[in-house]
Amino acid sequence: MRSVYENNLQSLQNSNVILYEKLITLKDCLNYEVFVGDDPLNINIIDKRDFAPLFKTSPSQELNSLKDKLKKFSLYPFLYFYGLSNALIYKLLLKNSTHK
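The model shown is predicted, which means the values in this text are computed figures rather than measured ones. (Residues numbered from 1 in each chain as written. Predicted model: local features only at pLDDT ≥ 70, side-chain atom pairs only at ≥ 80, totals over all residues. Heavy atoms only, no water.)

## A short note on the environment of Asp39
Right, so step 1: Structurally, Asp39 can be placed in the loop between β1 (32–36) and β2 (43–47).
Right, so step 2: When the C-alpha positions of Asp39 and Ser60 are compared, they lie 8.5 Å apart, and in sequence the two are 21 residues distant. (Helix = DSSP H or I, 4+ residues; strand = E, 2+ residues; numbered from the N terminus.)

Right under this line is the structure:
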């Protein structure tokens with residue numbers, strides 16, 4: 001049985017060959033580690049080379065701060081995000097049925 005990743009790669013091979021070829025050449029990145037604290041919202045990504053966390057303060061504090069900033073976009077039908085996250089913000093945003 002193929003994984004979701006393998007199925008997606010197979011689809012890309014037929015629809016976007018350039019992206020497919022770039023993805024199959026990717027190697028595992030061993031420089032980062034996921035850190036989960038006592039609070040389930042405290043999920044951070046640590047750069048093992050210099051032990052720098054992705055979120056400088058508590059991830060749950062930053063999530064709440066970002067949630068407040070994004071309220072003004074609650075009626076927008078589409079939101080685009082570029083970058084890295086611990087995915088909790090995406091989960092929060094998907095609860096809004098206006099967003100696609």
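Picking up after the structure, the text goes on.
## Points about the packing of helix α1 (residues 4–15) against helix α2 (residues 17–24)
Right, so step 1: Relative orientation of the contacting elements α1 and α2 amounts to 140 degrees, with a least axis distance of 6 Å. By the angle between their directions, the pair α1 and α2 is classed as oblique. Where α1 abuts α2, its residues Tyr5, Leu9, Leu12, Gln13 and Ser15 lie against Val17, Leu19, Tyr20, Leu23 and Ile24.
Right, so step 2: Taken together, the residues of the contact of α1 with α2 break down into 8 nonpolar, 2 polar and no charged. (Axes fitted to C-alpha atoms, helices over the stretch in contact; angles between N-to-C directions. Parallel < 35°, antiparallel > 145°, perpendicular 65-115°, else oblique. Contact = heavy atoms within 4.5 Å. Nonpolar A, V, L, I, M, F, W, Y, C, P; charged D, E, K, R; others polar.)

## As for the sheet that holds β1
Right, so step 1: In space, the 3 strands of this open sheet follow the order β1-β2-β3, with antiparallel pairing throughout. With one partner strand each, in any of the chains shown, β1 and β3 (52–53) form the two edges of the open sheet.
Right, so step 2: The pairing of β2 with β3 spans 2 bridges and is classified as antiparallel. Following the sheet pairing, Ile46 is matched in β3 by Pro53. (Pairing = 2+ DSSP bridges.)

## Brief notes about the pairing of β1
Right, so step 1: Here β1 runs beside β2; their pairing, made up of 5 bridges, is antiparallel. Across the sheet, Val34 pairs through a bridge with Ile45, a residue of β2.
Right, so step 2: A loop of 6 residues connects β1 with β2, the two strands running antiparallel in sequence.

## Brief notes about the side chain of Asn44
Right, so step 1: Its place among the elements puts Asn44 in strand β2.
Right, so step 2: A relative accessible area of 6% means that Asn44 is categorised as buried.
Right, so step 3: Engagement of the side chain of Asn44 in a polar contact is seen with the backbone nitrogen of Leu54, the distance being 3.2 Å.
Right, so step 4: A polar side-chain atom of Asn44 sits 3.0 Å from the main-chain amide nitrogen of Phe55.
Right, so step 5: Discounting chain neighbours no more than four positions away, the residues touching Asn44 are Glu33, Val34, Phe35, Pro53, Leu54, Phe55, Thr57 and Pro59. (Buried < 20%, exposed > 50% of the residue type's maximum accessible area, 1.4 Å probe, protein only. Polar contact = N/O pair within 3.5 Å; in protein donor to acceptor, adjacent residues only side chain to side chain.)

## Some words on the pattern of salt bridges
Right, so step 1: All chains considered together, the criterion is met by 2 salt bridges.
Right, so step 2: One salt bridge connects Arg49 with Asp47, and the closest N-O pair in it is separated by 2.9 Å.
Right, so step 3: By relative accessible area, which is 53% here, Arg49 ends up exposed.
Right, so step 4: You can call Asp47 buried: its relative accessible area is 12%.
Right, so step 5: Residue Asp68 is joined to Lys71 by a salt bridge in which the shortest nitrogen-to-oxygen separation is 3.8 Å. (Salt bridge = Lys/Arg side-chain N within 4 Å of Asp/Glu carboxyl O.)

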